Amino acid sequence: MDVHLYAWIITVAVTVAILALDVFVIGRRPHEPSMKEAGIFIAIYIALAVIFGLAIWGISGPQYAGEFFAGWLTEYSLSIDNLFIFIIIMGALKVPRHLQQFALMVGIVLALVFRGIFIALGAVVIDAFAGVFFLFGAFLIFTAVKLVIDYRNHDDDNEAPDNIAMRWVKRRIPSTTEFHGTRVVPRIDGRRMATPMLMVIIALGSTDLMFALDSIPAIYGLTQEPYLVFTANVFALMGLRQLYFLLGGLLRRLVYLSLGLSVILAFIGVKLLMHALHATPVLAWVGIDPHLVPEIPTWLSLMVIIVVLIVTTVASLIRSRWADDHAPAEPAQDLR
């Protein structure tokens, strides 16, 4: 895929402009978006992603368009799964509802920065060493297994997050337990103090860093075009904060989402391992004809991702509905 420099410049400029406008508007008027507002923005971002994919089809052909759509759907699914962690962070750190949109926006900006760095590093490493696909594939399969284990163990840790960066800030910077709008280190009684918003941003940033380690190998398993990797991540992250408010409690009803993602990640991991066998001389070393090891085509990857997501969503909603119908009734209150 031949992507000219001006295409990169325009894409990055438009992304920065949208984010800057978003940050400016939210920073000036932090609020909890209404269902209508959230729905409109999500519809716009999804429509833009579809139009972009169709434009790729018209300019570069169905192969690259399919790679973009497969990557976008995978990254979008991973991002929705990440919202569960964001909900836990917001609840544990007691972020007021009208400030959560600002915190999410900062988290999305940090996610784009981290993923941009990993995308660039991944492209350089892949060009220099095709064997890295073995590492990517093994890592995705390991992540898939871990998701299944966490699901079976009912891993639902709702405690306040804590890590080295947060502990360092707590020790080094005087802090207050009260939020002061969107400010992170305001001057209070003549001295700079860290607000809980700083802790929220650190928690979201460190979480984004860990998520990037999963998402970048996954997308490189679907396309090796850095431009498609970047744009798929951009479209997957835009509208995520509106989705947070629109879905609300529905997110917790997607009880099988982690299992569906484990299937997708394992599938992509196997796809990466098979691609690595063709991209390296390993098969020649052991005397195996490369034609005996097929590569998974993009259209099949896209179909697997779509089917798994549909089955996961439908099964989750059916299971949640069944749980609601069979939940024990609350005892009637004695009004005497």
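Please read all numbers here as calculations on a predicted model, not as lab measurements.

> Help me out: how do you make sense of helix 3 (residues 62–92) in this one?
Three or four residues apart is the spacing at which side chains of an α-helix point the same way, because the helix has 3.6 residues per turn. Taking 1.5 Å per residue, 31 residues should reach 45 Å; helix 3 reaches 45 Å between its end C-alpha atoms and fits that length. One or two steps after helix 3, the chain reaches Lys 94, where phi turns positive at roughly 55 degrees.

> What am I meant to see in the packing of helix 3 against helix 7 (residues 196–220) here?
Packed helices, taken two at a time, are described by the angle their axes make and the gap between the axes. Viewed as axis vectors pointing N to C, helix 3 and helix 7 meet at an angle of 155 degrees, and their least axial separation amounts to 10 Å. In terms of their interaxial angle, helix 3 and helix 7 are classed as roughly antiparallel. For the element pair helix 3 and helix 7, the recorded crossing hand is right-handed. Contacts from Gly 71, Thr 74, Glu 75, Leu 78, Asn 82, Ile 85, Phe 86, Ile 89 and Met 90 of helix 3 reach helix 7 at Val 200, Ala 203, Leu 204, Thr 207, Asp 208, Phe 211, Ser 215, Ala 218 and Ile 219. The class makeup of the residues in the contact of helix 3 with helix 7 is eleven nonpolar, five polar and two charged.

> So what exactly am I meant to see when it comes to the environment of Ala 20 here?
With respect to the helices and strands, the residue Ala 20 is situated in helix 1 (residues 5–28). What makes Ala 20 partly exposed here is its relative accessible area of 43%. Measuring from C-alpha to C-alpha, the distance between Ala 20 and Val 109 comes to 9.7 Å, with 89 residues separating the pair along the chain.

> Looking at this model, I keep getting lost on the environment of Leu 228. Mind explaining?
For Leu 228, the position within the fold is in helix 8 (residues 226–237). Leu 228 sits in the buried class, given a relative accessible area of 0%. Remark: the alpha-carbon pair of Leu 228 and Glu 67, spanning 161 residues in sequence, is separated by 7.6 Å. Excluding anything up to four places from it in sequence, Leu 228 contacts Met 1, Ile 56, Tyr 64, Glu 67, Phe 68 and Thr 223.

> Please clarify how the side chain of Thr 143 should be interpreted in this entry.
Examined against the element boundaries, Thr 143 turns out to sit in helix 5 (residues 132–152). With near-sequence residues (within four places) excluded, Thr 143 lies in contact with Asp 214 and Leu 265.

> So what exactly am I meant to see when it comes to the packing of aromatic side chains here?
All told, the structure shown has ten aromatic pairs when counted by the stated rule. Where Phe 68 meets Phe 235, the ring centres are 6.0 Å apart and the plane angle is 85 degrees; that geometry is what we call edge-to-face. With a gap of 167 residues between them, Phe 68 in helix 3 and Phe 235 in helix 8 connect regions that are remote in the sequence. An identical accessibility class is assigned to Phe 68 and Phe 235; each is buried. Members of the aromatic cluster, joined through ring pairs, are Trp 8, Phe 52, Phe 68, Phe 69, Trp 72, Tyr 76, Tyr 227, Phe 230 and Phe 235.

> Please clarify how unusual backbone geometry should be interpreted in this entry.
Most peptide bonds take the trans configuration, and most residues that are not glycine carry a negative phi. A positive phi is found at Lys 94, a non-glycine position, where the angle reads about 55 degrees. Turning to its location among the elements, Lys 94 is positioned in the loop between helix 3 and helix 4 (97–128). By relative accessible area, which is 65% here, Lys 94 ends up exposed.

> Mind showing me how you'd approach a nonpolar patch on the surface here?
Judged by side-chain polarity, Trp 299, Leu 300, Met 303, Val 307 and Val 311 come together as a nonpolar surface patch covering roughly 490 Å² of accessible area. Looking at where Val 311 falls in the secondary structure, it is placed in helix 13 (residues 298–325).

> Hey, could you run me through the nonpolar core in this one?
A general tendency of soluble globular proteins is for nonpolar side chains to be buried together. Ranked by internal contacts, the top residues of the largest apolar core, which has 86 residues, are Phe 68, Trp 72, Met 90, Val 200, Tyr 220 and Ile 268. Aside from chain neighbours lying at most four places away, what touches Tyr 220 is Ile 119, Gly 122, Ala 123, Ile 126, Phe 133, Phe 136, Pro 226, Val 229 and Leu 272.

> Just checking my understanding: could you explain the layout of surface pockets for this structure?
Each pocket or cavity is described by its volume, and for the second largest pocket that value is around 530 Å³. Mapped onto the lining of the second largest pocket, the elements with two or more residues apiece are helix 1, helix 2 (35–60) and helix 8. A breakdown of the residues in the lining of the second largest pocket according to their chemical character gives 17 nonpolar, five polar and one charged.

> Would you mind going over the confidence of the model for the chain with me for this structure?
Close reading of the predicted structure is inappropriate where its pLDDT is low. Residues with a pLDDT of 70 or more make up 87% of the chain, whose mean pLDDT is 80. Low confidence marks residues 332–336, where pLDDT is under 50. Its contacts with residues over four positions away, or in another chain, come to zero contacts.

> Can you walk me through the pattern of salt bridges in this structure?
Applying the stated criterion across every chain, the model contains one salt bridge. Glu 75 serves as the salt-bridge partner of Arg 115, at 3.1 Å between the closest nitrogen and oxygen. Highlighted residues: Arg 115 in helix 4 and Glu 75 in helix 3, separated in sequence by 40 residues. Across the pair, exposure class does not vary: Arg 115 and Glu 75 are buried alike.

> Got a minute to help me understand the packing of helix 3 against helix 11 (residues 257–279) in this structure?
Two elements in contact, helix 3 and helix 11, have axes separated by 11 Å at closest approach and are oriented at 140 degrees. As far as their axial angle goes, helix 11 and helix 3 are oblique. Considering only the axes of helix 3 and helix 11, their crossing is left-handed. For the pair helix 3 and helix 11, contact is made by Thr 74, Ser 77, Leu 78, Ile 80, Asp 81 and Phe 84 and by Leu 257, Leu 261, Ile 264, Leu 265 and Ile 268, respectively. Class assignment of the residues belonging to the contact of helix 3 with helix 11 gives a composition of eight nonpolar, two polar and one charged.

What counts and how
- Residues numbered from 1 in each chain as written.
- Predicted model: local features only at pLDDT ≥ 70, side-chain atom pairs only at ≥ 80, totals over all residues.
- Heavy atoms only, no water.
- Helix = DSSP H or I, 4+ residues; strand = E, 2+ residues; numbered from the N terminus.
- Expected span 1.5 Å × (residues − 1).
- Axes fitted to C-alpha atoms, helices over the stretch in contact; angles between N-to-C directions.
- Parallel < 35°, antiparallel > 145°, perpendicular 65-115°, else oblique.
- Left-handed = near helix turned anticlockwise from the far one by under 90°.
- Contact = heavy atoms within 4.5 Å.
- Nonpolar A, V, L, I, M, F, W, Y, C, P; charged D, E, K, R; others polar.
- Buried < 20%, exposed > 50% of the residue type's maximum accessible area, 1.4 Å probe, protein only.
- Phe/Tyr/Trp six-rings, centres within 6.5 Å; stacked < 30°, edge-to-face > 60°.
- Patch = residues over 30% accessible without salt bridge, like charges linked within 9 Å, V, L, I, M, F, W, Y side chains within 5 Å.
- Areas by Shrake-Rupley, 256 points an atom, 1.4 Å probe, with all protein chains shown as cover.
- Salt bridge = Lys/Arg side-chain N within 4 Å of Asp/Glu carboxyl O.
- Core = buried A, V, L, I, M, F, W, Y, C linked by side-chain atoms within 4.5 Å.
- 1 Å grid on protein atoms, 1.4 Å probe; cavity = no way out; pocket = protein on both sides within 12 Å on 5 of 7 lines; lining within 4 Å.
- Points joined across faces, edges and corners; volume = space filled by probe spheres on them.
- pLDDT = per-residue confidence, 0-100.

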